[in-house]
Amino acid sequence: MADLTTTTTPGPDTPTPSSGGGNRRGRRSGAPAKLLPGVSRQKRLQAINGAKPPNPVVRGVKGIVLFLCCAVVIIPFLAVISTSLADQAQISAAGGYVLWPDNPSFYAYEAIFRGGVVTRATLVSIGITLVGSGLSVTVVALLAYSLSRPGTWGHKPILLLVLFTMLFNAGMIPNYLLIRQLGLIDSYWALILPTLTSAFQIIIMRAFFLETPKEIVEAARIDGASELRILVSIMLPLSKAAIAVIALFNAVTYWNAFFNAVLYINSTEKWPLQLVLRTYVVDNTAIGVDLPGDVVPPQQSLQMAILVVSLVPICLVYPFLQKHFAKGVVIGAVKG
Amino acid sequence: MAQDTEVDLAEPDRRPVLRPMSRWQRFRRDRFLLLLGLPGVLLVLLFQYVPLLGNVIAFKDYQPYLGIVESPWVGLDNFAIIFNGDPAFVNALTNTLIISFVQIVFVFPIPIALALLMNSLLSERIKRTVQSILYLPHFMSWVIVVALFQHMLGNAGLYNTWARANDFFEVNVIGDPDLFIALITSQVIWKDAGWGTIIFLAAISRVDIELFESVAVDGGGRIRQLWHVTLPAIRPVIILLLILKLGDVLTVGFEQIFLQQGPVGLQASEVLDTYVYNRGIVGGNWGTSAAVGLVKGLVGTVLVLGANKVAHLFGERGIYSSKKDL
């Protein structure tokens, strides 16, 4: 497993300026270069077919296919953002949606953030995301750390207890009855607690702690550091990056969580943003806004503004996620 | 005895370890670590293992006012719905299997093709840009994806408005029961095809360049390099993912389908998970829906384990490697 996890991060390392016509380029330079030490993987791959430039027709087709793929992803986002900024005149003229706002205005955003249901839902979602991801990364990191020293008391049974949960899922009905039994129906905790731990994350985090050289811990111990001191002053600073990544991933999960809220939240004022999105944007329930003395923004703008509000946090953390996710996926695909 | 060496490393005392410590000694030594792990262990027990026990209601006539313990036992009565072939259940099962099958055939190959395409790109900058764009939808919730599809492809959506204005063909895929599978399949592709390339790109990036060089030296062009080096390199990953996918046939995108059941109706859109929800939590038939959920969970676990076994038979690692991981 180690070979997969350590050598396969297509992250943004070593960008090499491109020139000429090789057809296949690796993304990393760290690959074995036995015959030509000092020459990067990418350079070598370029050199292989360097003499023969690729067929222009093939290149053209490839370009078009990839351009279409990207357009299919980008256009919806562009249309959503533009429509949320567009005014009534342009929306009526275009028949509903616009790809570029002529007179961009933030009326729609002002309207939804004037303290109505969307404002409250946004705050609820932010709260649940912050508390949930903070708690979950704490619990996961602590459990992973306590499992990172083979030979401690109860190590194997506890690890098996965690691993075993990857194999089954109790099912929706028993989960629902448990939450009801705990009296958590209509409580924010019902959205936070059940998804706090993840066996997969515990295993990743534990692998990370296991990789930390034992000598560091031993040295600290010789200097008289207590266990708490070792954790706070040595292990946590060393694993800041890993903890941040797990926290970010959990934040995205909590922000996106939808069905648990359908199951457990009854009162409208406790709705997270995803439920509001479902009601007003997917099911097209009319949105009532009270804008004293103002013109009510077009329905489409309001809907698209809600959609943008739910997109923005993810787009903000996306660059950080992208930097780190590949490793997790590769481990995940192998580990389940 | 293997533990001696471990004890040695974790042992704060300086006295040499001659005998293994007793259980109690080790517990006392590790109490701080155990305390750190305690919240996690309790949460796992409460939210993963306790619901497992809750599955006993599959064998009971659960009455909310009586509680789980007091409700009367009914043996296997609740399972009759499965074995007698209740029409709604059979419909849900059929839909689930059809959707799974369609998705394996049409969704599975796309990330592979996309990965090969991206890998063959000339410019590193373009490749990175394409990756950044295509990975993004994966992080969007299903509510967002469904909303986007409705507002882009719906009857009054962006595309159809444009198509009507320009005498182009219209697409009426939203809300049509006959096209429901096409709709959800295209949504899955839109959301996750880009993301799915990561694992294949990673496998390709690990190929030893000398293999490509050897093919080139032997006079093989790009097609031969693809056929003889790249494809064999990602074959293990393909087989592994395909087997895992087969192990998962009873689970199809629950939130995605749940969100879109309204307009198309249950006949076309009911799958096992939504059936359990609609029958149990909406309909209040706790016992029978728990029974269906339980059987689905068991069969699913058996399928995943079986798939893993098959992966091992193919000489792959599978997901649950072995005790080595512990």
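Calculation rules
- Residues numbered from 1 in each chain as written.
- Chains lettered and ligands numbered in written order.
- Predicted model: local features only at pLDDT ≥ 70, side-chain atom pairs only at ≥ 80, totals over all residues.
- Heavy atoms only, no water.
- Helix = DSSP H or I, 4+ residues; strand = E, 2+ residues; numbered from the N terminus.
- Buried < 20%, exposed > 50% of the residue type's maximum accessible area, 1.4 Å probe, protein only.
- Areas by Shrake-Rupley, 256 points an atom, 1.4 Å probe, with all protein chains shown as cover.
- Contact = heavy atoms within 4.5 Å.
- Polar contact = N/O pair within 3.5 Å; in protein donor to acceptor, adjacent residues only side chain to side chain.
- pLDDT = per-residue confidence, 0-100.
- Expected span 1.5 Å × (residues − 1).
- Arc of directions from axis to C-beta.
- Buried area = accessible area lost by both parts, 1.4 Å probe.
- Salt bridge = Lys/Arg side-chain N within 4 Å of Asp/Glu carboxyl O.
- Core = buried A, V, L, I, M, F, W, Y, C linked by side-chain atoms within 4.5 Å.
- Domains from an automatic or database assignment.
- Axes fitted to C-alpha atoms, helices over the stretch in contact; angles between N-to-C directions.
- Parallel < 35°, antiparallel > 145°, perpendicular 65-115°, else oblique.
- Nonpolar A, V, L, I, M, F, W, Y, C, P; charged D, E, K, R; others polar.

Participant: How should the overall build of chain A be read in this particular structure?
Facilitator: In terms of helices and strands, chain A carries 16 helices and zero strands. Burial analysis of chain A (336 residues in total) assigns 51% to the buried set. With the model as given, the accessible surface of chain A reaches about 15,100 Å², and the carbon-plus-sulfur share is 67%.

Participant: For this particular structure, what's the right way to read the overall build of chain B?
Facilitator: Helix and strand counts for chain B stand at 18 helices and zero strands. Residue burial in chain B is summarised as follows: out of 326 residues, 51% are buried. Here the analysis covers contacts within chain B between residues at least 6 apart in sequence; of these, 59% occur between residues at least 24 apart.

Participant: Teacher, can you tell me more about the side chain of N160 of chain B here?
Facilitator: Residues and elements named next belong to chain B. Positionally, N160 belongs in helix α10 (residues 158-165). Taking relative accessible area as the criterion, N160 reaches 0% and is therefore assigned buried. Within the structure, N160 has its side chain in polar contact with the backbone oxygen of L153 (distance 3.2 Å). Apart from the residues lying within four places of it in its own chain, the contact partners of N160 are M152, L153, G154, N155, E170, V171 and N172.

Participant: How should I be thinking about the confidence of the model for chain A in this particular structure?
Facilitator: Reading predicted coordinates in detail is not appropriate for stretches of low pLDDT. All names here are of chain A. In this model, chain A carries a mean pLDDT of 81, and residues with pLDDT of at least 70 account for 79%. Across chain A, the secondary-structure element scoring lowest on mean pLDDT is helix α1 (residues 2-6), at 34, and the one scoring highest is helix α9 (residues 189-192), at 96. Throughout residues 1-34 the model reports pLDDT below 50, and contacts reaching past four residues in sequence, or to other chains, amount to 95 contacts. For the stretch residues 330-336, pLDDT sits under 50, and the model shows 27 contacts to residues farther than four places along the chain or on other chains.

Participant: Just to check I follow, could you spell out unusual backbone geometry for this structure?
Facilitator: Trans peptide bonds make up most of the peptide bonds, and negative phi angles are found at most residues other than glycine. Within the chain, D186 of chain A stands out as a residue other than glycine whose phi angle is a positive 70 degrees. The topology assignment puts D186 of chain A in the loop between α8 (172-181) and α9.

Participant: Even after reading the chapter, I still don't get helix α12 (residues 227-238) of chain A, so can you show me in this structure?
Facilitator: Two residues of an α-helix separated by three or four positions point the same way, owing to the 3.6 residues in each turn. In this model, α12 of chain A (twelve residues) spans 15 Å end to end at C-alpha, consistent with the 16 Å of a helix rising 1.5 Å per residue. Where α12 of chain A is concerned, the buried positions are E227, I230, L231, I234 and M235 of chain A. End-on, the buried residues of α12 of chain A take up no more than an arc of 130 degrees, which puts them together on one face. Those residues of α12 of chain A that are buried lie in contact with α6 (117-146), α10 (199-211) and α11 (214-222) of chain A together with α3 (31-54) of chain B.

Participant: Just to check I follow, could you spell out the confidence of the model for chain B for this structure?
Facilitator: Residues and elements named next belong to chain B. Overall, the predicted model of chain B reaches an average pLDDT of 85, with 90% of residues at or above 70. Overall, residues 1-7 carries pLDDT values under 50, and its contacts beyond four positions in sequence, including any with other chains, amount to ten contacts. In this model residues 321-326 is a low-confidence stretch, pLDDT under 50, and it forms ten contacts with partners more than four residues away in sequence or in other chains.

Participant: Any chance you could explain the environment of V292 of chain B here in plain terms?
Facilitator: All names here are of chain B. Here V292 shows up in helix α18 (residues 286-313). Spatially, the C-alpha atoms of V292 and R279 are 10.0 Å apart, while their sequence positions differ by 13 residues. The contact partners of V292, leaving out residues within four places of it in the chain, are I81, I82, F89, Y275 and V276.

Participant: Sorry, what's going on with the interface of chain A and chain B here?
Facilitator: Often, the extent of an interface is quoted as the loss of accessible area on bringing the components together. Contacts between chain A and chain B engage 121 residues on the former and 114 residues on the latter. With both sides pooled, the region where chain A packs onto chain B buries about 10,900 Å², and carbon together with sulfur makes up 69% of that total. On inspection of chain A and its partner chain B, the count reaches zero salt bridges. Linking chain A with chain B are 16 residue pairs in polar contact (both at pLDDT 80 or more). If one sorts the elements of the side of chain A that touches chain B by residue count, helix α16 (residues 299-335) of chain A sits on top with 17 residues.

Participant: Which parts of the structure should I look at to understand the nonpolar core?
Facilitator: Soluble globular proteins tend to pack their nonpolar side chains together in the buried interior. Within the largest apolar cluster, 125 residues are counted, with the highest numbers of intra-cluster contacts made by F259, I306 and L307 of chain A together with F200 and Y277 of chain B. Among the elements that make up this core, the one with the highest residue count is α16 of chain A (eleven residues). In terms of domain composition, this core takes at least three residues from each of domain 1 (58-105) and domain 2 (111-335) of chain A. Aside from chain neighbours lying at most four places away, what touches Y277 of chain B is M172, F259, V262 and L263 of chain A together with F254, F258 and V282 of chain B. One finds I158, V162, M205 and I243 of chain A within the second-largest nonpolar core, a separate group that totals 28 residues.

Participant: Looking at this structure, I do not really get the pattern of salt bridges. What am I missing?
Facilitator: Pairing between side chains of opposite charge can happen when the charged atoms of each approach one another. Scanning the model with the defined rule gives five salt bridges over all chains in all. Across the pair R221 of chain A and E227 of chain A runs a salt bridge whose closest N-O atoms are separated by 2.9 Å. By relative accessible area, R221 of chain A is classed as buried at 15%. Linking R29 of chain B and D30 of chain B is a salt bridge whose minimum nitrogen-to-oxygen distance equals 2.8 Å. You'll find R29 of chain B and D30 of chain B in the same group, each marked buried. The network of salt bridges with common partners includes R149, R221 and E227 of chain A.

Participant: Explain the environment of N95 of chain B to me, please; I cannot follow it from the model alone.
Facilitator: By the secondary structure assignment, N95 of chain B is in helix α6 (residues 87-106). When near neighbours in sequence (up to four residues on either side) are disregarded, N95 of chain B contacts L266, Q267, A268, S269, E270 and V271 of chain B.

Participant: Honestly, the packing of helix α9 (residues 142-153) of chain B against α10 of chain B in this entry has me stumped. Any pointers?
Facilitator: The relative placement of two packed helices is expressed as an angle between their axes plus a distance between the axes. Residues and elements named next belong to chain B. Interhelical geometry of α9 versus α10 gives an angle of 10 degrees and a closest axis separation of 3 Å. As far as their axial angle goes, α10 and α9 are roughly parallel. In this structure, α9 contributes H151, M152 and L153 to the contact, and α10 contributes L158, Y159 and N160. The residue inventory of the contact of α9 with α10, partitioned by class, reads four nonpolar, two polar and no charged.

Participant: Help me understand α8 of chain A in this model?
Facilitator: Residues and elements named next belong to chain A. The element α8 is extensively covered by neighbouring structure, given that seven of its ten residues are classed as buried. Here α8 has its buried residues at M172, I173, P174, Y176, L177, L178 and I179. The first or second residue beyond α8 is G183, which carries a positive phi of 70 degrees.

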